[in-house]
Amino acid sequence: MNSLQSVSSLRYSVKKSLDKISKQQITNISKQQATSDKTKNINSNKVIIPKRIERGPTDVLKAIASTVKRDYLAPHYKYHDDPFLIPTSNIAKRMFALSQESGRKAAHWVRQEHADLFQHRVADPPIEPYFPKAIYDENSQVDENVLKKLIEQHLVSDSLTVHGLLKEKGIEISRDTLQSLLELVCYYNEEDPLEEDWIEERWFKQDTRGRDKKINSWKTKGVAEMLFESLSPPDAAAYSALICGMVQAGNMAGAYKHFQEALDQGMMLPLHVYNKLITAAPTLKEGYDLRWQFVEDMLGQIRQQGLFPDLGTLNAALEVLSSMNVHKNAQKNALALMTEFRNLGIDPSLTSYYYLLIIFCKGSSIRSSVLINILDILEGKSLTIRDPRDIFFFTEAMDNCRYHLNDVEAAYRLDKLLHTGDNYNLIGDSFKESIYYRNYFALVCQSGSISELMKLYDKLVPHVYVPEPGIMELIIKTAELHEAWELLPRLWSDLVVFDQASREQSLVAMLAALQHSVTTDENLLAKHADVAWAIYTRVEAQQDDDDTRDRFRAKISWTGQMLGDILEVLLRADRYEEAVQILNCLEKRQNQVLGVPSIRSLSAFLDKSIEKKQVKNALWCIQYCYDVGFEETVRMAQNLNSSVKLEANDYNQLVTIVGKEPLTKLAAIAS
């Protein structure tokens, strides 16, 4: 045993010594290398400067912002951090944001109208946007440089005014400046664009344009055509500007006419002109074969001119195919296009995938997995906008998840992609955002669990998305389906906050869920009764108020089913006195109430009246059931007669309703 211990001790000592030697050797080698490198640097006298990294003016701010995640429990920064001012409905959000912007517009107007009061320097060096805009008239001192500056700022009306002044004064304008002015006027179709300052107006614009047919808004014989004629003779650049402007404004025939003129003169037009004209195929040609032949001809001309197609060419051809997606060859041609452009090294953008979804799924009864394939390609990637129409992809994809695939797992994957990196910037405007979440919530309601639905609800509502009335009804019905009765009071509170508590369909859905609830929790029963009574008082107040503030919304009409649901919910919570008021409402508005309460609700009221020995109310209930023709009236009368000792007057009234025979027959059976 001792010998074994000695051997072990020896091995340990040897290992420790070797480790020490190895560490010492490594240290020595490192010192030698450092000394050698230092000597080399001293000998070479070279200073290695790293390559400069281009930084934008906001890169530091972006880096700081990337460290802060969104707080879903807090409202958007544009709303004041005051609980009494934070909007919680879609209309209020829109009104709040646009009102703020309207205030800024008013300030701009004051500054412009009283420019003499704002000549002080508020910054050094001066910031040009802080100064009032210059007004140009016949007394203004203008030259070509002023015109160039206005063109650079995209001020269409001012540019045209200065151009006219220069012509009147006989000042010659260079061809390059006239070309720039022509491009500006063609791009904006002679109209001033919406200023970049008005962010909210852009966000709430509700631009639904996508693949819809363009309306011809081109101004025939307008300033653009006049400028084009002034560039005599017009060259390829002038033709390009005019053709692209005409296509963008919907004048496809005029654009194609000038395109043929340019080709007849042997001009080499740039690629973007061909891309624009490809999108004109649905207007220029009738029928699938002629349209696709036109696209192939344009692609052939691109090849003949020695031009190399780009992403715009691919998206233009796919746009044409999406306009005739019901044709049998549309899908085959789309796949051929995608393959050919991939072979050319051109990667598709979100716009390409947007048109593929339309081609393969819109109007097709055959389920296509094209979206799943797209998600396999894009999943986990941080995307950038490469085409202005990229903002249509996410909305169309979620619509596809709901209506075409009916696949909630695909919706989860799509939403994860949307929230990867800065991809949320591609959601578009508020209109597209609301459509995206509308379909998302509807799909989770239909196919997801109640826990997943409420997790999504807690995260997004109300600061990111306020469900529309139809989605709120669907959420209420989902809670009813999953017997999540504890959610009903909260959903009612949200209906009030979202300004949807005056919509009949929402109230009907809530009352139906309350009536179907099955619970023995007295606290929850009381909350349900509070909701039912709040609905009753709200609708009654509307009925009696002839000068309602919401004159554009129709008053809610009572139905027998609604009153019956309220009656039953109140009785479960032992709110008998309030239930009596429901019966009084039935009597008061008997000519206005549509339909009658269910026999179940009326029987519950009768049982509670018998329990509390309220014979008058019980007799009224039986009389009502007899008047509306319920077959159960006799049974209800027999129940009252056998449960309560009636006075002579009450018994005679009961006999008047159902007759004496049923009552005496029941008494004989009992004896």
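Residues numbered from 1 in each chain as written. Predicted model: local features only at pLDDT ≥ 70, side-chain atom pairs only at ≥ 80, totals over all residues. Heavy atoms only, no water.

**What about helix 20 (residues 430–447)?**
Okay, so step 1: Relative to the 26 Å expected for 18 residues at 1.5 Å per residue, helix 20 spans 26 Å between its end C-alpha atoms, a close match to the ideal helical length.
Okay, so step 2: Across the 18 residues of helix 20, 14 count as buried, placing the element largely inside the fold.
Okay, so step 3: The opening residue of helix 20 is Asp429, an N-cap whose side-chain oxygen sits 3.2 Å from the backbone nitrogen of Phe431. (Helix = DSSP H or I, 4+ residues; strand = E, 2+ residues; numbered from the N terminus. Expected span 1.5 Å × (residues − 1). Buried < 20%, exposed > 50% of the residue type's maximum accessible area, 1.4 Å probe, protein only. Polar contact = N/O pair within 3.5 Å; in protein donor to acceptor, adjacent residues only side chain to side chain.)

**Some thoughts on the confidence of the model for the protein**
Okay, so step 1: The pLDDT averaged across the protein works out to 88; a share of 90% of its residues lies at or above 70.
Okay, so step 2: Low confidence marks residues 38–43, where pLDDT is under 50. Its contacts with residues over four positions away, or in another chain, come to one contact. (pLDDT = per-residue confidence, 0-100. Contact = heavy atoms within 4.5 Å.)

**Things to note about the packing of aromatic side chains**
Okay, so step 1: The tally for this structure, following the rule as stated, stands at 18 aromatic pairs.
Okay, so step 2: Each ring, one from Phe393 and one from Phe394, has its centre 5.2 Å from the other, and the planes form 75°; the classification is edge-to-face. Both residues of the pair, Phe393 and Phe394, belong to the buried class.
Okay, so step 3: For the pair Tyr576 and Phe605, a centre-to-centre distance of 5.6 Å together with 10° between the ring planes defines the contact as stacked. (Phe/Tyr/Trp six-rings, centres within 6.5 Å; stacked < 30°, edge-to-face > 60°.)

**Concerning unusual backbone geometry**
Okay, so step 1: The omega torsion of the bond from Asp124 to Pro125 falls at 5°, within 30 degrees of zero and hence cis.
Okay, so step 2: In this structure, Pro125 sits in the loop between helix 3 (90–113) and helix 4 (144–152).
Okay, so step 3: Along the chain, Val461 connects to Pro462 via a cis peptide bond; the corresponding omega equals 0°.
Okay, so step 4: Mapped onto the secondary structure, Pro462 falls in the loop between helix 21 (450–460) and helix 22 (469–481).
Okay, so step 5: Even without a glycine there, the phi angle at Asn189 is positive, about 55°.
Okay, so step 6: Tracing the chain through its elements places Asn189 in the loop between helix 6 (175–188) and helix 7 (199–203).

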